[in-house]
Amino acid sequence: MDIKETVKIALKKYDVGDVFSYLPVMQKASVLIPVFVRGGELHVLMTLRSPHLKSNAGEVCFPGGKSDPEDQDEVDTALREAKEEIGLPPEQVEVVCKLFPIINKRGLLVTPVVGFIEESFVAQANPAEVSEVFTVPLDFFRQKAAHSVYPVPRIPEPLHSFFYSDPSSGKQQHIWGLTAMLAILVAVLATQKMPEFNVGFDLDNPLAFFQHNIDLRISKL
Ligand SMILES: CC(C)(COP(=O)(O)O)[C@@H](O)C(=O)NCCC(=O)NCCSC(=O)CC(=O)O
Ligand SMILES: Nc1ncnc2c1ncn2[C@@H]1O[C@H](COP(=O)(O)O)[C@@H](OP(=O)(O)O)[C@H]1O
Ligand SMILES: [Mg+2]
């Protein structure tokens, strides 16, 4: 079986379905985690946010944003935002699964959606929101070489940080916080291998860690 089919089977096992529908009503956002195979290796596409945005300006994130009333569900939001931000046509995304949501510092319930895209996809960054688009080998997020972690007072999840030197641009990208956690999560679940550093969840029941963090955040709202 080829790598894409193997990864799809691995990831689908973790689809959350409606597990989090019990949560109180809160503002929702989704991100699309676009993965593709290049040279037999998995890669992930990321963006650098415009320095002019009101929130998280100049930070690395995945294409995504807040839910609109016309969105049917979290997948719709992720695909709509990816179209708006990097010109990715929804029909060019093979949606694989919806993973564990995370409540961010603004109190948004952020749901990650993983989808395969074509290696040949050329992003068209919308300059109002995105200043750069770049790709990273997914396995980078399991390696300790460029990784560090530090605890943050009052939030349950440790804060992971990576510095990625992008050979195609010569630039260094700082990937941290929520986006780094999601990249680690997808790297681990897709490859079925734990990282070289401690991450707080395991492969048998990753849901437990994310569920615990969400319940902790909700209890403090
Ligand atoms: C998907 C968002 C939460 C909402 O999208 P929008 O701002 O409407 O485009 C997006 O803001 C996002 O992905 N934010 C996280 C970016 C990130 O990981 N920054 C690194 C550090 S900040 C952090 O980890 C915690 C946080 O933002 O709560
Ligand atoms: N054309 C534009 N020019 C400037 N800011 C824009 C914009 N379109 C969207 N934004 C802002 O970009 C942020 C991300 O939007 P989205 O959720 O659609 O990804 C939102 O800000 P806030 O996150 O501060 O509300 C939104 O207001
Ligand atoms: Mg956005």
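Since the model is a prediction, treat every value here as computed from it, not as a measurement.

Novice: Teacher, can you tell me more about the environment of Trp176 here?
Specialist: Tracing the sequence through the fold places Trp176 in strand β11 (residues 172-176). Sequence spacing of Trp176 and His160 is 16 residues, and the spatial spacing of their C-alpha atoms is 5.5 Å. Beyond its immediate chain neighbours, meaning those up to four positions away, Trp176 contacts Glu59, Leu159, His160 and Ser161.

Novice: What is the right way to read the coordination of the magnesium ion (ligand 3) from this model?
Specialist: For a metal with four donors in a tetrahedral arrangement, the ideal angle between donors is 109.5 degrees, while six donors in an octahedron ideally sit at 90 or 180 degrees. Taken together, Gly64 (O) and Glu85 (OE) make up the full set of protein donors to the magnesium ion (ligand 3), lying 2.1 Å away. With Gly64 in strand β4 (residues 64-66) and Glu85 in helix α2 (residues 74-86), the pair connects residues that are 21 residues apart, well separated along the chain. With relative accessibility at 9%, the residue Gly64 sits in the buried group. Overall, Glu85 belongs to the buried group, its relative accessible area being 4%.

Novice: What's the story with the pairing of strand β1 (residues 28-38) in this structure? I'm lost.
Specialist: If a strand is regular, its side chains alternate between the two faces of the sheet. Burial analysis of β1 places eight of its 11 residues in the buried class, the great majority of the element. Alignment of β1 against strand β7 (residues 109-116), held across eight bridges, turns out to be parallel. Of the residues in β7, the one forming a bridge with Pro34 is Gly115. As paired elements, β1 and β4 share three bridges and run antiparallel to each other. From the neighbouring strand, Ser30 faces β4, where its bridge partner is Gly65. Here β1 runs beside strand β2 (residues 41-49); their pairing, made up of four bridges, is antiparallel. Among the inter-strand pairings, Arg38 is bridged to a residue of β2, identified as Glu41. Connecting the antiparallel pair β1 and β2 is a turn made up of two residues, with Gly39 showing a positive phi of about 60°.

Novice: Before we go on, may I ask you to explain unusual backbone geometry in this structure?
Specialist: Peptide bonds are mostly trans, and most non-glycine residues show a negative phi. A positive phi angle, near 50°, is found at Asn56, a position not held by glycine. Relative to the helices and strands, Asn56 resides in the loop between β2 and β3 (60-61). Assessed through its relative accessible area of 23%, Asn56 is described here as partly exposed.

Rules and cut-offs
Residues numbered from 1 in each chain as written. Chains lettered and ligands numbered in written order. Predicted model: local features only at pLDDT ≥ 70, side-chain atom pairs only at ≥ 80, totals over all residues. Heavy atoms only, no water. Helix = DSSP H or I, 4+ residues; strand = E, 2+ residues; numbered from the N terminus. Contact = heavy atoms within 4.5 Å. Donors = N, O, S within 2.8 Å, 3.2 Å for Na, K, Ca; no water. Buried < 20%, exposed > 50% of the residue type's maximum accessible area, 1.4 Å probe, protein only. Pairing = 2+ DSSP bridges.

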